[in-house]
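# Topology and contacts: notes
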Amino acid sequence: SSATCGPCRQVRAVCADLSTTMPGVRHVEIDADEHLDAARELDIWRLPTLLVVDRRGRIAQRAVGVPDRAALSAAVSEVLAA
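Read on for an overview of the structure. What you see is a predicted model; the values in this text were computed from it and never measured. Every chain begins its residue count from 1, and numbering advances along the sequence as written. pLDDT decides what is reported in this predicted model: residues at 70 or higher carry local features, side-chain atom pairs at 80 or more are listed and counted, and totals for whole chains, interfaces and linings draw on all residues regardless. As a rule here, side-chain values come from all non-hydrogen atoms in the structure, and water together with hydrogens is ignored.

### Notes on the layout of surface pockets
For cavity detection a 1 Å grid was placed over the protein atoms alone, and a set of points counts as a cavity when a 1.4 Å probe fits there but cannot get out; an open set counts as a pocket when protein lies on both sides within 12 Å along at least five of seven lines, with lining residues being those that have an atom within 4 Å of a point. Grid points are joined across faces, edges and corners, and a volume is the space filled by probe spheres set on the points. In this structure, the largest pocket spans a volume of roughly 850 Å³. Considering the residues around the largest pocket, the lining is formed by 32 residues, among which Arg 26, Val 28, Leu 50, Leu 51 and Val 53 are closest to the centre. Classification convention: Asp, Glu, Lys, Arg as charged; Ala, Val, Leu, Ile, Met, Phe, Trp, Tyr, Cys, Pro as nonpolar; all other residues, Gly among them, as polar. Taken together, the residues that form the lining of the largest pocket break down as 22 nonpolar, five polar and five charged.

### Some points on unusual backbone geometry
For the bond running from Leu 47 to Pro 48, omega is -5 degrees, close enough to zero to count as cis. Position of Pro 48 among the secondary structure elements: in the loop between α2 (36-41) and β1 (49-53). Here Asp 43, not a glycine, exhibits a phi torsion of approximately 60 degrees, which is positive. Its location among the elements puts Asp 43 in the loop between α2 and β1. Elements are defined by DSSP. Helices are runs of H or I of four residues or more, strands are runs of E of two residues or more, and each kind is numbered from the N terminus.

### Concerning helix α3 (residues 69-81)
Multiplying 1.5 Å by the residue count of a helix minus one yields the expected span of that helix. Between the first and last C-alpha of α3 there are 18 Å, a value that for 13 residues agrees with the 18 Å anticipated at 1.5 Å per step. Relative accessible area decides the class of each residue, using a 1.4 Å probe on protein chains only: under 20% of the type maximum gives buried, over 50% gives exposed, and in between gives partly exposed. Listed as buried for α3 are Leu 72, Ser 73, Ala 75, Val 76 and Val 79. Around the axis of α3, the buried residues are gathered within 165 degrees of arc, so they sit on the same side. The exposed residues of α3 that point more than 90 degrees off its buried face are Ala 70, Glu 78 and Ala 81. A contact between two residues is defined here by any heavy atoms of the two lying within 4.5 Å. Packed against the buried residues of α3 are α1 (6-21), β1 and β2 (59-64). Measuring from the side-chain oxygen of the N-cap residue of α3 to the backbone nitrogen of Ala 70 gives 3.2 Å; that N-cap residue is Asp 68. Throughout, the arc means that of the directions going from the helix axis to the C-beta atoms. Side-chain atoms alone can form a polar contact between residues adjacent in sequence; in general such a contact is a pair of N or O atoms within 3.5 Å, and within protein one must be able to donate a hydrogen while the other accepts it.

Structure follows, in structure tokens:
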């Protein structure tokens, strides 16, 4: 995310909501402006980019833009069930 990115604020709200309503889900945000090297290591070139990471730390899903809450919830549920 980035502090100056409007869509990033929308993603933040959706992710924060899901992390409070879905047990086992944690929302971690990386500011691309402050951590550009980390963003590049994660192959992030556009904001907002959302990564769903499994329990082993592997990227299970990747989305660019503001996700639909229901679709994101389904994707996270799928990763949790694996």
